[in-house]
Every structure is written in structure tokens, then in C-alpha cells.
Amino acid sequence: MLELQSIWEANANIRKFARTTPILYSSLLSDDLGFDLMLKAENLQTTNSFKIRGASNCLIKQKKEMPSLNGVVTASSGNHGQAVAYVANKMGVPAVIVMPETAPKAKSRAVSRWNAQIEFCGKTSRERLARSKEIAQQRGYLEIPSYDHPDVISGQGTIGKEILEQVPDVDIILVPIGGGGLISGIATLVKNLRPKTQVIGVEPAGSNSMTVSLDKEEITQLEKTHSIADGLLTMKPGFLTFPLVKKYVDRTMLVSEEEILQAIRLIIEHFKTVPEPSGAVSVAAALKEDWGKGKKVVSVVSGGNFDMDRLPGFITNRS
Ligand SMILES: *Cc1c(COP(=O)(O)O)cnc(C)c1O
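Here the structure is a predicted model, which is why all the values come from computation and not from measurement.

## Description of the site of the ligand
Here is step 1 of the chain: Around the ligand there are 16 residues in total, and Lys 51, Asn 79, Gly 178, Gly 180 and Ser 302 lie nearest to it.
Here is step 2 of the chain: Here an oxygen atom of the ligand sits 2.8 Å away from a polar atom, N or O, in the side chain of Lys 51.
Here is step 3 of the chain: Asn 79 is positioned such that a nitrogen or oxygen atom in its side chain is 2.8 Å from an oxygen atom of the ligand.
Here is step 4 of the chain: Out of a free accessible area of 380 Å², the ligand has 96% covered by protein chains.
Here is step 5 of the chain: Residue classes in the shell around the ligand are distributed as five nonpolar, nine polar and two charged.

Structure follows, in C-alpha cells:
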């Protein structure tokens, strides 16, 4: 199991790359809601998602142990791929990002900005993972998975430390779940230091593998996933993340596509900041319940990357 100590180490490691993101608050909105809603704005993080925390911790730690490290490789083309490319570039380490042949141009452009080599391979994540493993073996590169790695989870846990410092009396923390790395790190830290704070995971109703796995008490693979929250389309929880979620997370909530869109609009209107759909699910969940007068609710807005062409579709009110 993940030790608290590894999150303190991560916190010391990542500060060259990751910033302490602000807590955003709107007193007008909180008055209307009847509880205090605060956003942990990881959409304003370096490379615009929290993924830089886990990626930088993993790379820095491994480089200390293996100064002759040849390079890094990952099969993830989204926010994690960007974070790996960014950190590797800053550290002068070659990086390969394996992407599907069908990847949108915006994604390959975002990665090439940081001089990473792009390797196009197949259409399924299974093909990409196999290719990534092959590159790691052939070239002696370190593979950095997007959630199921102890250094990645510890890096994401540094968000928990910041929240407890910024909002010491926080009652509820709402966290998006994809593979579960983000919430595993946060929950491990928060439940060890302030157990009475509730840590609640949020999944799109169309991509609920953690909720299903918790219900069945074993890692369960979905047959398909669907949501505009494209960072949360994971088919099953990780081997490391599932036991941590089971141990530390109080419960999970599901949100609909319409609730995600409403949350995006509310964030833009009241907080003057722009989330990606995956980052807005935690706010969608906050709006679903009456948490009680004076309660302090922190929603982790995990990222802000999306293709600008999609923005009109996010903010048009179709009801
Ligand atoms: C990766 C990601 C998530 C999910 O994180 P996991 O560690 O896979 O649970 C949530 N939001 C955004 C924006 C992401 O990039």
C-alpha cells in the first residue's frame, strides 16, 4: 500500500514543474447554493491538467535511481502524454508518445510542441500498450503509465496536501475518476491526516467502472464506455488504484452528460475559468446534493484541455 511518506517525497520532487493551483470561490454562488463551493483549479496547472504531478514525480524519482536513463515512453495521448512530453523535454530526456492512428491533430500538435517523438500505432489501447512495452524493452526506456504506478499516484496525492493547507476545515472533496490515480493519491493523504473529511469519487454514468467494481468487490471491466468526459473513459480500475479507492474513498457518485454540460456553463459563468468536461464532473456532482449550510465542498477541476471548436457545443443551452 501507498505510504504517506511517498507523497511528501513527491511534493519535494515536483515543485520545479507543478505549481500550487488556486482555490476559486464565488460568494454569490455559494449564497445561492446554501453551502460553500470551492474549485481546486488544476485546469490552471502547467500543461493545464494535474497529470504533470504524477509524470514529473515518476521521471524525477527514476532518474535519481538510474542516472543513465535513455528515455521515457507512454501509450497515453491525452493530458498524460502532454505532461510526460513536457517534463521529459525540460529534463533533457527523449520521450516517445504512442498514439492511435486516428488521434486528432490537436493532440499530436500538443505533444510535438515539447519535442516528443510520436509513434502512431493501431486503433485500440491494447495495441498501443503492447507497442509502448516493446519500445521500453528495445530502447531501455522507462514506461510511465497514466495511473497505475506508485510514483504517479504519489504525485497526484500532492493535490490533497495543497487542499488541506488551503482549506483546513474542508468537509467534502469531490474528485473525478478515470483509472483512479488522482483520487487514490488524494484520498490516501486526506484520510491519513483528516479522516473526517469525506472523499467522494465522481464518474460519468456512461463510464462507471470504479462504481461497478466497488459494488462487485472486484476489478470489473466494462464492455464499452461513453461520455463527453474523454479523460474518464477507462474500461477498468487499476490493480494499485482499486484497493486504495476501496480502503479510503467514502463513496462514488454518477453524473449524466447533461449534468456535465450544466456544470461547464456554471463554472464559466461564476468562476470565469474554463474546464474540460472531465474536469467539470466534480462540480456536476457538487450541484446534485444539498451538502448543508456552511459546509465546505472542494471540487477538483482536474483539467482544461479541449479542442476549442467544441466550446460552442459545451455552452449552448439546449433545454
Ligand atoms: C487523467 C484525467 C482524469 C482521471 O484521472 P485518473 O487518475 O485516471 O483517475 C481526470 N481528469 C482529467 C482532466 C484527466 O486528464
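## Examining the sheet that holds strand β1 (residues 23-25)
Here is step 1 of the chain: Judged by pairing direction, the sheet is mixed, and its six strands sit side by side in the order β1-β2-β10-β7-β8-β9 without closing on themselves. Looking at which strands have only one partner, the edges of the open sheet turn out to be β1 and β9 (251-255). On average, each strand axis in the sheet is tilted by 30° relative to the strand beside it, whichever way the strands run.
Here is step 2 of the chain: Where strand β7 (residues 172-176) meets strand β8 (residues 198-204), five bridges bridge the pair, whose relative direction is parallel. Paired with Ile 173 across the two strands is Val 199, which belongs to β8.
Here is step 3 of the chain: Its contacts with the sheet put helix α11 (residues 257-271) on β1, β2 (36-41), β8, β9 and β10 (296-301), and the angle it makes with β9 is roughly 90°.

## Focus on the packing of aromatic side chains
Here is step 1 of the chain: A full pass over the atoms with the stated rule returns two aromatic pairs.
Here is step 2 of the chain: Each ring, one from Phe 306 and one from Phe 314, has its centre 5.3 Å from the other, and the planes form 65°; the classification is edge-to-face.
Here is step 3 of the chain: Given the relative accessible area of 4%, Phe 314 is considered buried.

## Digging into the sheet that holds strand β4 (residues 95-99)
The strands that make up a sheet are held in pairs by hydrogen bonds between backbone atoms, and each pair lies either parallel or antiparallel.
Here is step 1 of the chain: Pairing in this open sheet of four strands is parallel, and the strands run β5-β4-β3-β6 from one edge to the other. Unpaired on one side and paired on the other, β5 (117-120) and β6 (142-143) mark the two borders of the sheet.
Here is step 2 of the chain: Sheet topology note: the β4/β5 ladder contains four bridges and is parallel. Bridge pairing in β5 links Val 96 to Gln 117.

## Points about the pattern of salt bridges
Here is step 1 of the chain: Inspection of every chain in the model, using the stated rule, returns 16 salt bridges.
Here is step 2 of the chain: Residue Asp 250 is joined to Lys 191 by a salt bridge in which the shortest nitrogen-to-oxygen separation is 2.8 Å. Taken together, the residues Asp 250 in the loop between α10 (241-248) and β9 and Lys 191 in helix α8 (residues 181-193) connect sequence positions 59 residues apart.
Here is step 3 of the chain: The exposure class of Asp 250 is partly exposed, given its relative accessible area of 40%.

## Description of the pairing of β10
Here is step 1 of the chain: With five of its six residues buried, β10 lies for the most part within the structure.
Here is step 2 of the chain: Here β7 runs beside β10; their pairing, made up of three bridges, is parallel. Among the inter-strand pairings, Ile 172 is bridged to a residue of β10, identified as Val 297.

## So, helix α9 (residues 209-216)
Residues three or four positions apart in an α-helix share a direction because the helix packs 3.6 residues into each turn.
Here is step 1 of the chain: For α9, the full list of buried residues reads Ser 209, Met 210, Thr 211 and Ser 213.
Here is step 2 of the chain: In the core, the buried residues of α9 are packed alongside β8, α10 and β9.
Here is step 3 of the chain: Looking one or two residues past α9, Glu 217 carries a phi angle of roughly 60°, positive in sign.

Conventions used here
- Residues numbered from 1 in each chain as written.
- Predicted model: local features only at pLDDT ≥ 70, side-chain atom pairs only at ≥ 80, totals over all residues.
- Heavy atoms only, no water.
- Near = heavy atom within 4 Å.
- Polar contact = N/O pair within 3.5 Å; in protein donor to acceptor, adjacent residues only side chain to side chain.
- Areas by Shrake-Rupley, 256 points an atom, 1.4 Å probe, with all protein chains shown as cover.
- Nonpolar A, V, L, I, M, F, W, Y, C, P; charged D, E, K, R; others polar.
- Pairing = 2+ DSSP bridges.
- Helix = DSSP H or I, 4+ residues; strand = E, 2+ residues; numbered from the N terminus.
- Axes fitted to C-alpha atoms, helices over the stretch in contact; angles between N-to-C directions.
- Contact = heavy atoms within 4.5 Å.
- Phe/Tyr/Trp six-rings, centres within 6.5 Å; stacked < 30°, edge-to-face > 60°.
- Buried < 20%, exposed > 50% of the residue type's maximum accessible area, 1.4 Å probe, protein only.
- Salt bridge = Lys/Arg side-chain N within 4 Å of Asp/Glu carboxyl O.

Geometric descriptors of this kind do not, in isolation, establish any biological role.
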